[in-house]
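Okay, here's what each chain looks like letter by letter:
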Amino acid sequence: MNSNKLISFIKNNRNAVVCYGSFLAVVLGFSVMTKGQIFSAYNLKSLIGQMCVLMIISCGMIFMFGHGTVDIASGAVAGLCSLVITLVLNKTENLGFSIVISIVVSVLLYLFMWFVTAYLGLMSIIASLAVMFIARGIVTYILSLNDGRINIMHYNLIMPFKSDIRLSIAAMAVVIIAGLILFNYTKLGKYCKAIGDNKLSAIQSGTNVKAVMFWCYVIAGVCVGIASLFLLARGGNVGKNIGAGKEMDVMVAVILGGMNLNGGAKSRMEAAIIGTITYTLLANGLTVAGVAQEYITLVKGIIFIVIIGLTLRQNKTVREMPR
Amino acid sequence: MEEKRKLLIETKDLTKKFNDVVAVNKVSIKINRGEILGLIGENGSGKSTISSMISAIHTVTSGEMFLDGKKYTPSSRMDAIDNGITMIVQEAGTIDGLTVAENIFLGDEKRFIKRGIVDGRKMEEEAKKALLSIGIEDIEPSATAAMLSFEERKLVEVAKAVYYDPELFIVDETTTALSQHGREILYKLIHKLRDDNKAVLLISHDLQELMDNCDVLTVLRDGNLVETISKDEFNEDRIKKSMVGREIKGDYYRSDYDGKCDGKVIVRAENLESDTLCDVSFDLKEGQILGIAGLSGSGMHELGRAIFGLEKLKKGRVTTFISDKESEIKSVKDALSNNIGYISKDRDKEALVLPASIKDNLVLANLSKMKFFITKKTEKEFAQKIIDDLNIKCSSMNQAVGELSGGNKQKVSFGKWIGNDSKIIIMDSPTRGVDIGVKTTMYQLITELKKQGYAILLISEEMQELIGMSDEILIMKDGAISGRAQRSAELGEQDIISYMI
């Protein structure tokens, strides 16, 4: 009887179980495997630095996944924005200005996706695929004019974004708090989830789908724009692979956090927060535990497929429901 | 006569449990050849579950079934079809992207293969025959299912089910989706099957329909078999009583026959024209229930959408007069800001967000009137009030709407609009697929809303409901209003049907 209850509890709270279950598993697993080294002060510091970019993007992406858009352009856009920051910074030496331009570029690219999706009726993932190639293409082209790499002439200006851990923490805190409030306590978040579940019904309840999507894309764009700064600071210069694969890291992270990529009522901001921490711990823990670098992506892939397999399998075994 | 009917299928102590919930409890029924057996009962009484077990959609928890005296344990739906049992379900059973012919022969394409390729023409010819055999001439086998109306798709399913020469033909609440024309095709068909010494199991909420068509009626309540009544003992009051286990009072619908309305005009539709609508004009007053009758395809559903700003109008305008302010409705936004609510016919796909909680659903329609920041407390108080007011039965306000019964789901979709202070509510087939018990509550609720001064546009395919509830009925045909009828005790279905056809 008790085990039955436990099973039905797990089924009903699958998202939370995946979220906290994988978090606990990773924390406990690596504590043992690394004999606690993973939580040494030094490693904690580097953990925070590593998770910053991913955390900021993931929080923004919850608004995209939440209303049912799978965005795969974030990595490429972040790469392009890093390039933009570098170019502006090299020209003007004005940090604030370069950040603003980065956010503007990112938001514009996201709004282009929004326009294509909302007005031309194209599938959102196709629009983001297009933007991914455009952004990646621009970066590759500009780099090809500059011997394949652009260095930051005044690295000291942005170095604090790597070295000063407080800046990372502050940026993450701002994004997390803003995300939590917007997603849980405002009209925007509620409309966003309703669209993810049932667009028709949302429309008939008075949701202005285009407007809600507009703001979701803007939020995603702003987050990617901000994250680019940390990405650049950690990279030190702009090479052709900058930001590559970040969109996939985001997806793995939010799925580890218990997010359903179709969006809807079960979407939670916690998926991004906990998921990012779990994912970063996982990647970092593997390294600290001494897994060879060549295997890490493979191990990540296996863990990803296991989590997806567990969650999807439960979706497929349809409980026999009264008709 | 009774003795001559040969037993086709028999269930013994058939039981079905969904987790811990007993849906069907030790039901033993006999279905004879040459007989139309009706199953009736409230929602959740186990009608669909029993038929689903017979047609192998559901597994059997315990108990046995016998077909022609032999033990019958179907392994799949195809197995059931091979045993001569076909079933038409409540939900859509066709695939949109396929043609009518492909839908009919889905899973059975092998017979049309010539040199490794499916011979489409031959399949379409055969499909045409299948359609003609049930008297449908105007559906093209080459048309894709998506191009057909819901009713036509249902008829395609009927053609498919009958094509396989069933010994037992199960019709599960299909008639609610059909217009009078479609119903007649189906009735003719089941009578023919009976005369051919086959058996029919007819499941419906429509008591009149069952009494008209069935030879025997089995009443179910809460998964138990209450009684089986043969045709000579049919009596409406008795059956209703046996269904709910209590006396249904006389005022099932509204009890008064006062169709006069002195309220102010609150909605005015003038010369509405769209792809389907054709010069439709009417006034809706405060405290009035305006019924809209028509066959499917008459434009009745589109009219409701048009008033809510969902339909593109070519000509004409919809105007509201809320507290003497005149405003034109051009979009859903206009409709909402002018206190119009709309309950779609398709409750599960359009009116509600099934995976979301009751609270979320109730709050959703009211968001436009709330502040940008919404605290949990505001939400909870708002939802709790509606849940209390409408007596929505749920384990908590955080329960997903998809888990509720049909009646409670519909209460949530009513609650959305009552909660956001709508003054005008457009209801498209509000009692579609709910049982008598819930219908009674719905009708009481609608009457109560009328008393409170709500203006209600009641679009329905059920004539009795319109006659019973409306102050005035507009009858639609080919997108235009073809007749009007005032509320009176003498008003009968025939008066309305004559304008519909």
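Below is a short write-up of the structure. The residue numbers shown here count from 1 along each chain, following its written sequence. As they are written, the chains are lettered A onward and the ligands numbered 1 onward, keeping that order. Reporting in this predicted model follows two pLDDT cut-offs: at least 70 for local features of residues, and 80 or more for side-chain atom pairs to be given and counted; totals over whole chains, interfaces and linings ignore these cut-offs and use all residues. For side-chain calculations, the full set of non-hydrogen atoms in the structure is used, while hydrogens and water are omitted.

1. Observations concerning the sheet that holds strand S23 (residues 480-486) of chain B
All names here are of chain B.
Item 1. Strands are labelled as partners when DSSP assigns at least two bridges between them. A helix here means a DSSP run of H or I that spans at least four residues, while a strand means a run of E at least two residues long, and both kinds are numbered starting from the N terminus. Across the sheet, six strands lie side by side as S19-S20-S21-S16-S22-S23; this open sheet has mixed pairing. Looking along the sheet, the strands with just one partner apiece sit at the ends: strand S19 (340-343) and S23. Within this sheet the neighbouring strands show an average axis-to-axis angle of 20 degrees, counted without direction.
Item 2. When checking whether two residues touch, look at their non-hydrogen atoms; a contact exists if any pair is within 4.5 Å. Note on geometry: axes are C-alpha line fits, over the in-contact stretch for helices, and angles between N-to-C directions span 0 to 180 degrees. Sitting on the sheet, helix H17 (residues 493-500) touches strand S16 (289-294), strand S22 (472-477) and S23, and the angle it makes with S22 is about 30 degrees.

2. Some words on helix H14 (residues 406-419) of chain B
Residues and elements named next belong to chain B.
Item 1. What a helix should span is 1.5 Å times the count of its residues minus one. Compared with the 20 Å implied by 1.5 Å per residue over 14 residues, the 20 Å span of H14 between its first and last C-alpha is a close match.
Item 2. The classification of residues rests on relative accessible area computed with a 1.4 Å probe and restricted to protein chains. Under 20% of the type maximum is buried, over 50% is exposed, and intermediate values are partly exposed. The buried count for H14 comes to 14 of 14 residues, which makes it a mostly enclosed element.
Item 3. Count one or two residues on from H14 and you reach Asp 421, which has phi positive near 65 degrees.

3. Points about the interface of chain A and chain B
Item 1. Each side of the interface is counted separately: chain A has 27 residues, and chain B has 44 residues.
Item 2. Of the roughly 2,700 Å² buried between chain A and chain B, counting both surfaces, carbon and sulfur atoms make up 55%.
Item 3. By convention in these notes, a salt bridge is any Lys or Arg side-chain nitrogen within 4 Å of a carboxyl oxygen on Asp or Glu. Summed over the shared surface of chain A and chain B, the number is one salt bridge.
Item 4. B:Glu379 is paired through a salt bridge with A:Lys190; the nearest N and O atoms lie 2.7 Å apart.
Item 5. Secondary structure elements with two or more residues in the side of chain A that touches chain B: helix H9 (165-185), helix H10 (187-197) and helix H11 (199-204) of chain A.
Item 6. The greatest single-element share of the side of chain A that touches chain B, amounting to six residues, is contributed by H10(A).
Item 7. Here the term charged refers only to Asp, Glu, Lys and Arg, the term nonpolar to Ala, Val, Leu, Ile, Met, Phe, Trp, Tyr, Cys and Pro, and the term polar to all other amino acids, Gly among them. The residue inventory of the side of chain A that touches chain B, partitioned by class, reads 13 nonpolar, eight polar and six charged. The buried area of a pairing is the accessible area, by a 1.4 Å probe, that goes missing from both parts when the two are put together, added over both.

4. Some thoughts on the sheet that holds strand S17 (residues 315-322) of chain B
Residue and element names in this part refer to chain B.
Item 1. Spatially, the four strands line up as an open sheet ordered S15-S14-S17-S18, and their pairing is antiparallel. Whereas interior strands pair on both sides, the edge strands pair on one side only; in this sheet they are strand S15 (280-285) and strand S18 (325-328). In this sheet, neighbouring strand axes are inclined to one another by 15 degrees on average, regardless of whether the strands run parallel or antiparallel.
Item 2. One ladder, built from four bridges, connects S17 with S18; its direction is antiparallel. Paired with Phe 321 across the strands is Glu 326, a residue of S18.
Item 3. Against the sheet, helix H9 (residues 300-307) contacts strand S14 (265-273), S15 and S17, and its axis sits at roughly 120 degrees relative to S14.

5. Side note on H17(B)
Residues and elements named next belong to chain B.
Item 1. Every buried residue of H17 is listed here: Ile 496, Ile 497 and Met 500. Here the buried residues of H17 occupy an arc of 100 degrees about the axis, which is enough to place them on one side.
Item 2. Against S16, helix H16 (463-469) and S22 lie the buried residues of H17. Directions are taken from the helix axis to each C-beta atom, and the arc is the one they span.

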